[in-house]
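# Fold and geometry: a report
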Amino acid sequence: MKPPTMSSHSPVTAYRHSRGVLIPCGVFLAIGVGWSLAVSAFKVPPLLLPGPMAVFRTIVEERELLFQAAASTLSEILLAIAIAVVTGFATAILVGISPLVRRTIFPYILATQVVPKVALAPILIAWFGIGMESRLILAFLISYFPMVINTLAGILGTSDAMLRYAQSLAASEWQILVKVRLPAAIPAILSGVKITAGVAVIGIVVGEFVATDSGLGKVIIDSSASMDTALTVAATLLIGTLGLALLGALELAERRIVYWQSGS
Amino acid sequence: MISLARMGARWRAVNWPALIFGAAIVSLWEALVRALAPSQSLFPPPSYVMWSLYVRFDLIMEHAWPTFCQTLVGFLLSVVLGVALGWIISKSRTLFEALYPVVVVLQVVPKEALAPLLVLWFGAGTLSRTALAFLIAFFPMVINTTFGVRSLNTAMRDYATSLLCNRWQFFTKVELPWALTSILAGMKISVTLSVIGVVVAEIVAGRNGLGYLLLFAASRLDMGFSLAILLVLAIWGGALFAAVVLLEQRAVYWRR
């Protein structure tokens, strides 16, 4: 039995687990109705929590602001993911080739996993200023290491039988890497990409909370400072939707790429 | 992801290349900064970071205490409630089909974004931070518990039934030990997440805590102080993780 990781549970898997989407949809609907009823029954002041209809109205009214902010946040997230995936993959190949390099730096790569890297946000802003660079570096630092670890686990996890078979065919080290190790590592690499994407969202959003010059994080901080709670809730829900859509899209892409594993 | 439990085993056999590499990096950092950096406050060498830690130790500890308590409470709450919900979900087919997808969706949503709303609802104090730590750490616990309980195979179940196990024996001798591996794997994920939750809430709003102190130090461009606080946070994260690994080695000793 493999220890489960967060990555193996994603929206699409959830859909596949249940026989119908009806029940979970019903649960979400019930949450919405319960929210609405609770707000009107207990006369919750809209400053504290506006009802779902008020939030929806705000989304429609402020659509331009929210759309621009979401576009800025999303483009930074995608950029951070791209940088982390490319550099993380390259690092894992370099580390994977040489046992000495692996032994030298892998303990440090693992150790970074227990450091709360979001705390770097104020430090990065002091060094790189309030702007996109700080957020990108923060998101990169958070999302780079999971990519390295997953890719490396994939490359090094090739079965011995496969390796011996390739060696018996007189394959060179390079051929073994490209034709045996990498194809076998694709599922691990893709789950690395999903973890990377998930934490990149967190990096960019926390970055926007601290360096408030653009994006949905700025909308949240600004609106909560001016007590416009409907807008705060709307922007928070948008970030959730954004993260969900991103992971859902990656999950669908994964199913296409590693179709031979769709039974898992 | 590769098993982080192996980290502990790795450290016990002294890894000389890694030690030399670490020492080289620190010396290089020290030398370069001393030679090139215009300001030691903005680009501090490691010695200055350690000196800041020494000089401000009392202040750091004063702010570390709430952070430590909140991460612990948030983490323990997420373990207790997460295991309870995960267990209930996995025992009923209807509940599983209704709630598991919801849990999985909420797991994927970036809950750090809730920090400002939680501060609005619960104030910029202990409650909002513990709540964020709990919310972030809770869902991996539910998912891992559900996975652990449901992965019990039918052969094991049949075998236990053939031995005339009663319900209690089945729970304590079969189900719990079986699910423990997965629950502990979840705890290793959740424990680091709970630190992140508290720190994010402290950075967004607050009057105390290491995240707040870090924001304060960085806004005064005292980077030696900032990095010293980061070091304390890293050590706390590492200590919590190590504690869970130790617990794992005790609890699921048969898997070593």
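Before reading on, note that the structure itself is shown above.
Here is a short report on the structure shown in this document. Computed from a predicted structure; not experimentally measured.

To continue, consider the overall build of chain B. A tally of regular secondary structure across chain B gives 11 helices and zero strands. Counting over 256 residues, chain B shows a buried share of 52%. A sequence separation of at least 24 residues applies to 76% of the contacts in chain B between residues at least 6 apart. As displayed, chain B has an accessible area near 12,100 Å², and 70% of this comes from carbon and sulfur atoms. Within chain B, the 10 negative side-chain charges are centred at a point lying 8 Å from the centre of the 19 positive side-chain charges.

On the surface, a nonpolar cluster with roughly 370 Å² of combined accessible area is contributed by L48 of chain A together with W121, F122 and L127 of chain B. Looking at the secondary structure, you find L127 of chain B in helix α7 (residues 126-150).

Here the structure, examined in full by the defined rule, presents 11 aromatic pairs over all chains. Linked through ring pairs, F140, Y144 and F145 of chain A together constitute an aromatic cluster. Note that R56 of chain B overlies the ring of F225 of chain B, its terminal NZ or CZ placed 4.5 Å from the centroid.

Facing the 63 residues of chain A at the interface are 69 residues of chain B. At the junction of chain A with chain B, the criterion picks out zero salt bridges. Across the chain A-chain B interface, the total number found is four residue pairs in polar contact (both at pLDDT 80 or more). For the side of chain A that touches chain B, the elements supplying multiple residues, two or more each, are α1 (11-17), α2 (22-41), α5 (99-111), α6 (120-128), α7 (132-156), α9 (173-210), α10 (215-225) and α11 (229-257) of chain A. Partitioning the side of chain A that touches chain B into residue classes produces 46 nonpolar, 14 polar and three charged.

On to the packing of α6 of chain A against helix α10 (residues 210-219) of chain B, then. Packing of α6 of chain A against α10 of chain B brings their axes to within 8 Å, and their N-to-C directions diverge by 10 degrees. With respect to their mutual orientation, α6 of chain A and α10 of chain B come out roughly parallel. Taken together, the residues of α10 of chain B that come into contact with α6 of chain A (itself represented by P122, I123 and A126 of chain A) are L214, L215 and A218 of chain B. For the contact of α6 of chain A with α10 of chain B, a count of residues per class yields six nonpolar, no polar and no charged.

Okay, the pattern of salt bridges next. Within the structure shown, the criterion is met by 12 salt bridges over all chains. A salt bridge links D222 of chain B to R56 of chain B, with the nearest nitrogen and oxygen atoms 3.1 Å apart. Separated by 166 residues along the polypeptide, D222 of chain B in the loop between α10 and α11 (223-251) and R56 of chain B in the loop between α3 (46-55) and α4 (57-91) bring together distant segments of the chain. K188 of chain B is paired through a salt bridge with E248 of chain B; the nearest N and O atoms lie 3.1 Å apart. Placement of K188 of chain B in helix α9 (residues 167-204) and of E248 of chain B in helix α11 is noted, with a sequence separation of 60 residues between them. When sorted by exposure, K188 of chain B lands in the same class as E248 of chain B, which is buried. Here the salt bridges share partners, and the residues they tie into one network are K194, E251, E254 and R255 of chain A.

This part takes up empty space enclosed by the protein. Residues and elements named next belong to chain B. According to the stated counting rule, one finds one cavity of 30 Å³ or more in the structure shown. What the largest cavity holds in volume is close to 30 Å³. Lining the largest cavity, in full, are R56, F216, A217, R220, D222 and F225. A per-class count over the lining of the largest cavity returns three nonpolar, no polar and three charged.

Attention shifts here to the nonpolar core. Counting 98 residues, the largest nonpolar core has V118 and L216 of chain A together with I60, M187, L210 and I229 of chain B as the members making the most contacts within it. Beyond its immediate chain neighbours, meaning those up to four positions away, V118 of chain A contacts L138, I142, I202 and V206 of chain A together with I196, V199, V200 and I203 of chain B.

Residues and elements named next belong to chain A. Here G215 shows up in helix α10. On a C-alpha basis, the gap between G215 and V86 in space is 24 Å, while along the polypeptide they are 129 residues apart. Apart from the residues within four sequence positions on either side, G215 is in contact with A69, S72, T73 and E208.

Reading the values: the criteria
Residues numbered from 1 in each chain as written. Chains lettered and ligands numbered in written order. Predicted model: local features only at pLDDT ≥ 70, side-chain atom pairs only at ≥ 80, totals over all residues. Heavy atoms only, no water. Helix = DSSP H or I, 4+ residues; strand = E, 2+ residues; numbered from the N terminus. Buried < 20%, exposed > 50% of the residue type's maximum accessible area, 1.4 Å probe, protein only. Contact = heavy atoms within 4.5 Å. Areas by Shrake-Rupley, 256 points an atom, 1.4 Å probe, with all protein chains shown as cover. Lys, Arg positive; Asp, Glu negative; His and termini not counted. Charge placed at Lys NZ, Arg CZ, Asp CG, Glu CD. Patch = residues over 30% accessible without salt bridge, like charges linked within 9 Å, V, L, I, M, F, W, Y side chains within 5 Å. Salt bridge = Lys/Arg side-chain N within 4 Å of Asp/Glu carboxyl O. Phe/Tyr/Trp six-rings, centres within 6.5 Å; stacked < 30°, edge-to-face > 60°. Lys NZ or Arg CZ within 6 Å of the ring centre and 35° of its normal. Polar contact = N/O pair within 3.5 Å; in protein donor to acceptor, adjacent residues only side chain to side chain. Nonpolar A, V, L, I, M, F, W, Y, C, P; charged D, E, K, R; others polar. Axes fitted to C-alpha atoms, helices over the stretch in contact; angles between N-to-C directions. Parallel < 35°, antiparallel > 145°, perpendicular 65-115°, else oblique. 1 Å grid on protein atoms, 1.4 Å probe; cavity = no way out; pocket = protein on both sides within 12 Å on 5 of 7 lines; lining within 4 Å. Points joined across faces, edges and corners; volume = space filled by probe spheres on them. Core = buried A, V, L, I, M, F, W, Y, C linked by side-chain atoms within 4.5 Å.

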